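Chain by chain, the residues run as shown.
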Amino acid sequence: MATIGRKTDTWGSRFGFIMAAVGSSVGLGNFWRFPFTAGENGGGAFIIIYLACVLFLGLVVLMAEYSLGRKSGMSAIEGIHSLARAEGKSSNWGAVGWIGSLAAFFILTFYIVISAWVIEFIPQAMSGSFQTFAEQAAAQTAAAQAADPNAAAVTIADISSQNFVKSISDRLLVGFFLVLFIAINVFIVARGVKGGIERAATILMPAFFILLIGIVGFALIEGDAGAAASFLLSPDFSKVGFGTFLAAVGQAFFSLSVGSCLMITYGAYLSRETNIPRSSAIVASADTMVALIAGFAIFPIVFAFGADPAGGPGLFFISLPIAFGQMGEIGTVVGSAFFILALFAALTSSISLMEVAVSWLEERQGVTRPGAAMGIGFVLFMIGMGYVFSGTFIDFADFITGNIMLPLCALLVSIFAGWVLSRKMLESELGEGNVMNMWRFMVRWVVPPALTFILIFGSLDALQGFGMQLPGFLTVLLGPNG
Ligand code: PFF
């Protein structure tokens with residue numbers, strides 16, 4: 001069966017595609033989101049559930065997304081719509097593409113703001129400002145203890161939250177970095193898939209891996225590797241509730257870029273020679289390794305300097321800079337390298353998120369790729385500035401998009417690929433052997449029930465966590481961890 005679509009651009013090489021796909025997956029999800037999510041959900045126990053989610057749910061949906069993308073050869077929205085029609089099924093299935101694409105767009109609206117903070121931290125790291133943060137913490141402790149010898153030490157969390165507020169108080173500066181980051185994205189995406197996205201990824205990803213190896217080596221030698229290992233590897237199941245499962249699924253999908261139809265979009269540019277199961281396995285394992293390595297780069301430093309592993313989204317922007325600041329000169333070098341690495345990771349992901357919308361707009365008559373990229377860039381700027389000035393919605397937007405919309409879209413994608421489309425159509429993408437049989441079993445019988453269950457009970461658990469009163473029988477069912 002031939003492909004249905006009409007995309008003309010394609011990946012230049014298999015290596016280029018893998019770099020772009022790994023670049024999409026490896027991002028702030030690994031460095032900013034994974035450590036604090038693991039920290040808040042019990043460390044080792046969360047990681048075991050996370051790995052299961054990657055293997056049994058994420059990988060299966062990833063294969064489905066690539067297959068739908070290559071089969072349709074179109075943007076996610078148009079592609080799902082036309083695949084449904086080709087099989088004589090309701091074109092309402094196009095709604096799945098909408099949910100995923102909107103999730104990608106909303107994630108991008110705050111992703112760019114976090115990326116702008118990352119850029120802002122690079123000159124701060126280079127100029128030694130982190131050392132000033134750390135010195136302030138030490139000086140405040142000394143002053144407090146001179147007045148009252150029993151006074152508690154000024155904690156890293158205390159001083160760092162002051163610094164963080166100060167560092168974002170100059171919101172226009174963040175706005176400037178936001179514009180810069182958006183402009184780089186527009187520039188890359190406007191140049192096309194092969195000439196823009198693939199080329200950027202083949203330069204940035206190898207540089208990223210070299211920096212990563214250096215930083216993790218440093219963290220393991222200089223930081224408290226023992227404390228990090230026992231936190232990350234010894235599971236404490238007493239903290240596990242339904243909410244943990246939702247957090248793990250959300251994190252797995254966010255990190256793999258699954259459930260946002262992004263990999264459908266990337267799949268549309270895939271050549272017939274590329275082996276989808278193999279590529280999916282490479283992407284999923286590279287992303288998972290980087291998440292774990294990021295944990296081993298961040299937690300030794302966090303523990304060595306007494307920061308709180310469950311410090312929430314601020315872990316990355318609050319605890320780490322202070323910890324680097326306490327290291328003296330070497331902290332300046334490693335701190336700068338760390339935020340540059342995070343920027344490379346963020347950029348290869350944000351261009352992929354942008355491609356979802358640009359690829360769809362490009363299919364409209366009269367819209368050129370550069371025009372689409374600039375238009376999206378402008379809308380992102382308007383929304384992004386809203387976040388910069390309000391500053392409080394990111395956690396909520398992150399929860400709704402990451403933990404609800406991505407699993408929901410993934411659930412619908414799995415039903416669509418497993419139950420609505422014919423086996424024959426998927427066979428033409430995934431082959432006819434054991435891999436296909438196993439994938440089809442998982443996508444029909446494991447992913448939909450597991451995701452339905454986790455979405456329902458995880459959301460109720462999360463609502464309870466947000467302080468909402470649930471009926472008594474549900475509270476009993478959800479247990480004390482809810
Ligand atoms: N996977 C990327 C990260 O981990 O940072 C970014 C991302 C892409 C998140 C697509 C979510 C998504 F749907």
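The model shown is predicted, which means the values in this text are computed figures rather than measured ones.

## A few points about the overall build of the protein
Thought 1: Check the secondary structure of the protein and you find 20 helices and zero strands.
Thought 2: Computed over its C-alpha atoms, the radius of gyration of the protein comes to 22 Å, within 12% of the 23 Å expected for a compact globule of 482 residues.
Thought 3: In terms of overall dimensions, the protein has a C-alpha envelope of 80 × 55 × 40 Å along the principal axes.
Thought 4: Out of the 482 residues in the protein, the part that is buried amounts to 59%.
Thought 5: For the protein, the accessible area works out to roughly 18,200 Å², and carbon and sulfur atoms hold 68% of it.

## A few points about the site of the ligand
Thought 1: The local shell around the ligand holds 16 residues, among which Gly29, Tyr111, Phe254, Ser257 and Ser260 are the closest.
Thought 2: One nitrogen or oxygen atom from the main chain of Leu28 is found 3.0 Å from an oxygen atom belonging to the ligand.
Thought 3: The side chain of Ser257 places a nitrogen or oxygen atom 2.9 Å from a nitrogen atom of the ligand.
Thought 4: Coverage of the ligand by the protein amounts to 100% of the 330 Å² it exposes when considered alone.

## Here we look at helix H8 (residues 171–190)
Thought 1: Between its first and last C-alpha, H8 extends 28 Å over 20 residues, near the 28 Å set by a 1.5 Å rise per residue.
Thought 2: If you check which residues of H8 are buried, you get Val174, Gly175, Phe177, Leu178, Phe181, Ile182, Asn185, Val186, Ile188 and Val189.
Thought 3: Backbone geometry just after H8 places Gly192 at a positive phi near 100 degrees.

## Concerning the packing of aromatic side chains
Thought 1: Tallied over the entire structure, the rule returns 33 aromatic pairs.
Thought 2: Consider the rings of Phe121 and Phe130, whose centres lie 6.0 Å apart with planes at 50 degrees: the pair is tilted.
Thought 3: When the centroid spacing of 5.8 Å and the interplanar angle of 65 degrees are considered together, the rings of Phe242 and Phe453 count as edge-to-face. With a gap of 211 residues between them, Phe242 in helix H11 (residues 242–256) and Phe453 in helix H19 (residues 434–465) connect regions that are remote in the sequence.
Thought 4: Look at Phe242 and you get partly exposed, because its relative accessible area is 25%.
Thought 5: The rings of Phe31, Trp117, Phe121, Phe130, Phe208, Phe209, Phe316, Phe317, Phe324, Phe338 and Phe339 are connected pair by pair, giving a single aromatic cluster.

## Let's talk about the packing of helix H18 (residues 423–430) against H19
Thought 1: For the pair H18 and H19, interaxial distance at closest approach is 10 Å and the crossing angle is 130 degrees. With respect to H19, the element H18 is oriented oblique. As H18 runs across H19, the sense of the crossing is right-handed. Counting all contacts with H18, which are made through Arg423, Leu426, Glu427 and Leu430, the residues of H19 involved are Met436, Asn437, Trp439 and Arg440.

## Notes on helix H1 (residues 14–25)
At 3.6 residues per turn, the α-helix brings residues three or four places apart onto the same side.
Thought 1: Taking 1.5 Å of rise per residue, the 12 residues of H1 would be expected to cover 16 Å, and the 16 Å separating its terminal C-alpha atoms lies within 8% of that figure.
Thought 2: Within H1, 10 of the 12 residues are buried, leaving the element largely enclosed by the surrounding structure.
Thought 3: When H1 is considered as a whole, its buried residues turn out to be Gly16, Phe17, Ile18, Met19, Ala20, Ala21, Val22, Gly23, Ser24 and Ser25.

## Examining the packing of helix H2 (residues 28–40) against helix H17 (residues 394–420)
Thought 1: The contact between H2 and H17 brings their axes to 14 Å, and the two run at 90 degrees. With respect to each other, H2 and H17 are oriented roughly perpendicular. Where H2 approaches H17, its residues Trp32, Arg33 and Phe36 are matched on the opposing element by Asp398, Gly402 and Asn403.
Thought 2: Looking at the contact of H2 with H17, its residues break down into two nonpolar, two polar and two charged.

## With respect to the nonpolar core
Thought 1: Counting 162 residues, the largest nonpolar core has Phe31, Phe316, Phe338, Phe339 and Trp439 as its most contacted members.
Thought 2: Among the elements that take part in this core, helix H5 (residues 94–126) stands out by supplying 18 residues, more than any other.
Thought 3: If we ignore the near neighbours within four places in the chain, the residues touching Phe31 are Phe208, Leu212, Val290, Ala294, Ile298, Phe316, Phe338, Leu341 and Ala345.

## What about the side chain of Thr37?
Thought 1: Mapped onto the elements of the fold, Thr37 is located in helix H2.
Thought 2: You can call Thr37 buried: its relative accessible area is 6%.
Thought 3: Among all residues touching Thr37, those that are not within four sequence positions of it are Phe46, Ala247 and Gln251.

## Here's the deal with the environment of Val302
Thought 1: Structurally, Val302 can be placed in helix H13 (residues 276–304).
Thought 2: Look at Val302 and you get buried, because its relative accessible area is 1%.
Thought 3: For the pair Val302 and Phe316, spaced 14 residues apart in the sequence, the C-alpha separation amounts to 9.5 Å.

## Examining unusual backbone geometry
Trans is the prevailing form of peptide bonds, just as negative phi is the prevailing case for residues other than glycine.
Thought 1: With a phi close to 65 degrees, Ser257 is a non-glycine residue in the positive phi region.
Thought 2: Secondary-structure assignment places Ser257 in the loop between H11 and helix H12 (262–267).
Thought 3: Positive phi, close to 65 degrees, is recorded for Cys261, a residue that is not glycine.
Thought 4: Mapped onto the fold, Cys261 is located in the loop between H11 and H12.
Thought 5: The class for Cys261 is buried, based on a relative accessible area of 0%.

## What about the side chain of Asp398?
Thought 1: Within the secondary structure, Asp398 is located in helix H17.
Thought 2: In this structure Asp398 comes out as buried when scored by relative accessible area, which is 8%.

## Thoughts on the confidence of the model for the protein
Thought 1: In the predicted model, the protein carries a mean pLDDT of 88, and the fraction of residues at 70 or more is 90%.
Thought 2: Confidence, read as mean pLDDT per element, is least for helix H7 (residues 156–169) in the protein (49) and greatest for H1 (97).

## Observations regarding the environment of Gly386
Thought 1: The topology assignment puts Gly386 in helix H16 (residues 369–390).
Thought 2: The exposure class assigned to Gly386 is partly exposed, which follows from its relative accessible area of 35%.
Thought 3: As a C-alpha pair, Gly386 and Phe110 span 276 residues in sequence and 9.9 Å in three-dimensional space.

## Considerations on the state of the cysteines
Thought 1: Tallied over the full model, the rule gives zero disulfides.
Thought 2: No disulfide involves Cys53; its sulfur sits 17 Å from that of Cys409, the nearest cysteine.
Thought 3: Overall, Cys53 belongs to the buried group, its relative accessible area being 5%.
Thought 4: In this structure Cys261 is a free cysteine whose sulfur lies 3.8 Å from that of Cys409, the closest cysteine sulfur available.

Cut-off values and rules
- Residues numbered from 1 in each chain as written.
- Predicted model: local features only at pLDDT ≥ 70, side-chain atom pairs only at ≥ 80, totals over all residues.
- Heavy atoms only, no water.
- Helix = DSSP H or I, 4+ residues; strand = E, 2+ residues; numbered from the N terminus.
- Rg over C-alpha atoms; globule rule 2.2 N^0.38 Å.
- Buried < 20%, exposed > 50% of the residue type's maximum accessible area, 1.4 Å probe, protein only.
- Areas by Shrake-Rupley, 256 points an atom, 1.4 Å probe, with all protein chains shown as cover.
- Near = heavy atom within 4 Å.
- Polar contact = N/O pair within 3.5 Å; in protein donor to acceptor, adjacent residues only side chain to side chain.
- Expected span 1.5 Å × (residues − 1).
- Phe/Tyr/Trp six-rings, centres within 6.5 Å; stacked < 30°, edge-to-face > 60°.
- Axes fitted to C-alpha atoms, helices over the stretch in contact; angles between N-to-C directions.
- Parallel < 35°, antiparallel > 145°, perpendicular 65-115°, else oblique.
- Left-handed = near helix turned anticlockwise from the far one by under 90°.
- Contact = heavy atoms within 4.5 Å.
- Nonpolar A, V, L, I, M, F, W, Y, C, P; charged D, E, K, R; others polar.
- Core = buried A, V, L, I, M, F, W, Y, C linked by side-chain atoms within 4.5 Å.
- pLDDT = per-residue confidence, 0-100.
- Disulfide = S-S within 2.5 Å.

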